[in-house]
Amino acid sequence: MASESSFDIVSKVDRQEADNALNQAAKEINSRYDFRGTDASIAWSGEAVQMKANSEDRVKAILDVFQSKLVKRGISLKSLEDGEPYPSGKEHRIDASLKEGIDKDNAKKISKIIRDEGPKGVKAQIQGDELRVSSKKRDDLQEVIALLKGQNLDVDLQFTNYR
């Protein structure tokens, strides 16, 4: 049993679930009484999500509706990068995007946590926008997963490819 066990740490968003959340939010905005006659809308704009309304408060309300739909669909709000409301002509807008992948800074922070607080003999390698964690003992890998779930990090983590 000298072979290495490993798993990958990734940060991905299920695009279909995000699309479903956006469609549900659009449906709720079209049917809610407080949005009647305000030209409120939410839609994909390329890879980003664009929210429009005739006042800053209403566009923030649209963002709130979208966030609640994302949470109900199991998408962490750490994956949503929303901007500040800005005026555009007669309407106000918010542009938001869904973050995927672990950036270099967060990858270094995660590997440092694994090195400092994790069990001995566990190695973390940065591979592009994900991390590969390997060890001879599977129990050590389970400890690392529990350790990272307990941390308050800026990214939504998933643990895949466990072997």
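All figures in this text were calculated on a predicted structure; none of them were measured in a lab.

## Focus on helix 3 (residues 104-117)
Taking 1.5 Å per residue as the helical rise, helix 3 with its 14 residues ought to reach 20 Å, and the 20 Å between its terminal C-alpha atoms agrees with that figure. Along helix 3, the residues classified as buried are Asn 106, Ala 107, Ile 110, Ser 111, Ile 113 and Ile 114. Each buried residue of helix 3 lies within a common arc of 150° when the element is viewed along its axis, so the set occupies one face. Seen from the open side of helix 3, the exposed residues pointing more than 90 degrees away from its buried face are Lys 104, Asp 105 and Arg 115.

## Examining the side chain of Asp 140
Among the structural elements, Asp 140 can be located in helix 4 (residues 138-150). Buried within the structure, Asp 140 lacks any salt-bridge partner; Lys 137 is the closest side chain of opposite charge, at an N-O distance of 4.7 Å. Beyond its immediate stretch of four places on either side in the chain, Asp 140 contacts Pro 119, Lys 120, Val 122 and Ser 135.

## Structural notes on the packing of helix 3 against helix 4
Contact geometry of helix 3 with helix 4 gives a least axis separation of 11 Å together with a crossing angle of 120°. Of the possible angle classes, the one that applies to helix 3 and helix 4 is oblique. Between helix 3 and helix 4 lies a crossing whose hand is right-handed. Between helix 3 and helix 4, the contacting residues are Ile 110, Ile 113, Ile 114 and Glu 117 on the first element and Val 144, Leu 147 and Leu 148 on the second. Classifying every residue of the contact of helix 3 with helix 4 gives six nonpolar, no polar and one charged.

Reading the values: rules and limits
Here, residues in each chain are numbered from 1, in the same order as that chain's written sequence. Note on the predicted model: pLDDT of at least 70 is required for a residue's local features to be given, and 80 or more for side-chain atom pairs to be given and counted; whole-chain, interface and lining totals, by contrast, use all residues. Hydrogens and water molecules were not included; the side-chain quantities draw on all heavy atoms of the structure. Only DSSP runs of H or I reaching four residues or more are called helices, and only runs of E reaching two or more are called strands; each is numbered from the N terminus. Every helix has an expected span of 1.5 Å times one less than the residues it contains. With a 1.4 Å probe rolled over the protein chains alone, any residue whose accessible area is under 20% of its type maximum counts as buried; one over 50% counts as exposed, and the rest are partly exposed. Each C-beta atom gives one direction from the helix axis, and the arc is the one those directions make. Positive charges are assigned to Lys and Arg, negative charges to Asp and Glu, while His and the chain termini are left out of the count. When a carboxyl oxygen of Asp or Glu lies within 4 Å of a side-chain nitrogen of Lys or Arg, that pair is called a salt bridge. Two residues form a contact once any of their heavy atoms are found within 4.5 Å. An axis is simply a line fitted to the C-alpha atoms; with a helix, the fit covers only the stretch in contact. Between two such axes, the angle follows the N-to-C directions and lies from 0 to 180 degrees. In this scheme, roughly parallel covers angles under 35 degrees and roughly antiparallel covers those over 145, while 65 to 115 is roughly perpendicular and the rest are oblique. What makes a crossing left-handed is the near helix being turned counterclockwise from the far one by less than a right angle; a clockwise turn instead makes it right-handed. Nonpolar residues are Ala, Val, Leu, Ile, Met, Phe, Trp, Tyr, Cys and Pro. Charged residues are Asp, Glu, Lys and Arg, and all others, Gly as well, are polar.

These figures capture arrangement, not role.
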